[in-house]
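Topology and contacts: notes
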Amino acid sequence: AIETGSLVTAYIFTKKLSDRSSANKFKSILKSYCEDIPKIEWHEYWKAGKTHRKFRSLLETIAGIKLKNIKDQALFDKIADEMRDATHARGQQLVLGEARIPKVQWILNIFLSAILVAGLLLLNITDYRLSVFVTAAMLAAVLLIIVVVYELDSMHISEEEVSVEPYRSALGVLESE
């Protein structure tokens with residue numbers, strides 16, 4: 001949300017510039033960028049060269065703005081600040097997209113879970129119903145833990161960090177004008 005908020009704010013500032021062609025170019029690239037991001041799985045974000053090029057084009061468009069008066073210079077400073085914030089937020093998202101649970105840890109989690117379930121099955125409880133209940137409860141707990149770890153690994157639980165909704169909202173702002 002920080003990235004898209006900064007990009008939309010930068011767009012609003014570009015609309016007030018004297019250089020209309022740069023403002024229109026910025027809007028066009030930003031719209032295309034916001035359309036492409038939701039199509040990318042977050043663990044593939046580093047490899048999304050197309051969106052990297054579009055983001056770089058946004059920066060180049062800002063760098064190419066023709067400043068014709070003092071108002072343009074003041075707006076350019078604000079736009080540069082917003083683009084700096086967007087770049088920083090984007091960098092954090094790129095790092096987050098690469099943060100995965102190592103395979104060794106997955107193997108260890110599954111191995112230890114299997115040992116726990118095997119231990120429960122070998123547990124000698126004389127009451128059959130209690131034995132079934134304890135085994136089923138522990139099996140359910142182990143499965144839930146594995147599901148939660150998987151969800152964390154695939155970024156489904158971290159939805160606030162990797163949600164594509166801000167990009168859709170930004171598209172709504174761009175298309176409403």
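Refer to the structure presented above.
Residues numbered from 1 in each chain as written. Predicted model: local features only at pLDDT ≥ 70, side-chain atom pairs only at ≥ 80, totals over all residues. Heavy atoms only, no water.

Topic: a nonpolar patch on the surface
Spelled out, the test is: Here, patches come from residues exposed beyond 30% relative accessible area and free of salt bridges, joined within 9 Å for like charges and within 5 Å for nonpolar side chains (Val, Leu, Ile, Met, Phe, Trp, Tyr). Accessible surface is estimated by sampling points in the Shrake-Rupley manner with a 1.4 Å probe; for residues, cover comes only from the protein chains shown. Here a salt bridge means any side-chain nitrogen of Lys or Arg lying within 4 Å of a carboxyl oxygen belonging to Asp or Glu. Numbering of helices and strands runs from the N terminus, with a helix taken as a DSSP run of H or I at least four residues long and a strand as a DSSP run of E at least two residues long. Throughout, exposure labels follow a simple rule: accessible area from a 1.4 Å probe, protein chains only, divided by the maximum for the residue type, with under 20% read as buried, over 50% as exposed, and the rest as partly exposed.
A contiguous nonpolar surface patch, about 390 Å² in accessible area, is contributed by L108, F111, L112 and I115. For L112, the position within the fold is in helix α5 (residues 103–122). Given a relative accessible area of 46%, L112 falls into the partly exposed group.

Thoughts on the packing of aromatic side chains
The geometry of an aromatic ring pair is captured by the separation of the ring centres together with the interplanar angle, meaning the angle of the planes. Convention followed: Each aromatic pair joins two rings of Phe, Tyr and Trp (for Trp, the six-membered one) with centres within 6.5 Å, and gets the label stacked for planes under 30 degrees apart, edge-to-face for over 60, and tilted for any other angle. The criterion is that NZ of a Lys, or CZ of an Arg, lies within 6 Å of the ring centre and within 35 degrees of the ring normal, and then a charge sits over that ring.
Using the criterion set out here, one finds 1 aromatic pair in the structure. Relative to F55, the ring of Y33 lies with its centre 5.7 Å away and its plane at 50 degrees, an arrangement referred to as tilted. One end of the pair, Y33, is in helix α2 (residues 20–36); the other, F55, is in helix α3 (residues 49–63), with 22 residues separating them in the sequence. Here Y33 and F55 have matching classes, each one buried. Residue placement shows R90 over the ring face of F55; its charged tip is 4.6 Å from the ring centre.

A few points about the nonpolar core
The test is simple: Only buried residues count toward a nonpolar core, which is a set of Ala, Val, Leu, Ile, Met, Phe, Trp, Tyr and Cys residues joined through side-chain atoms within 4.5 Å. Contacts were defined at the residue level, with two residues in contact if any of their heavy atoms lie within 4.5 Å.
Counting residues in each nonpolar core, the largest one holds 26 residues, and the members touching the most others are L7, F26, L30, Y33, L58, I79 and M83. Secondary structure elements with two or more residues in this core: α1 (2–14), α2, α3, α4 (70–98) and α8 (165–175). Excluding its chain neighbours within four sequence positions, the residues that come into contact with M83 are L7, A10, F26, L58, L59 and I62.

Let's talk about the pattern of salt bridges
Applying the stated criterion across every chain, the model contains 5 salt bridges. D36 is the partner of K39 in a salt bridge, and the nearest nitrogen-oxygen pair spans 4.0 Å. A salt bridge links D36 to K54; its shortest N-O distance comes to 2.2 Å. Highlighted residues: D36 in helix α2 and K54 in helix α3, separated in sequence by 18 residues. The same class applies to D36 as to K54, namely buried. Ionic contacts of the salt-bridge type, sharing partners, join the residues D36, K39, K50 and K54 into one network.

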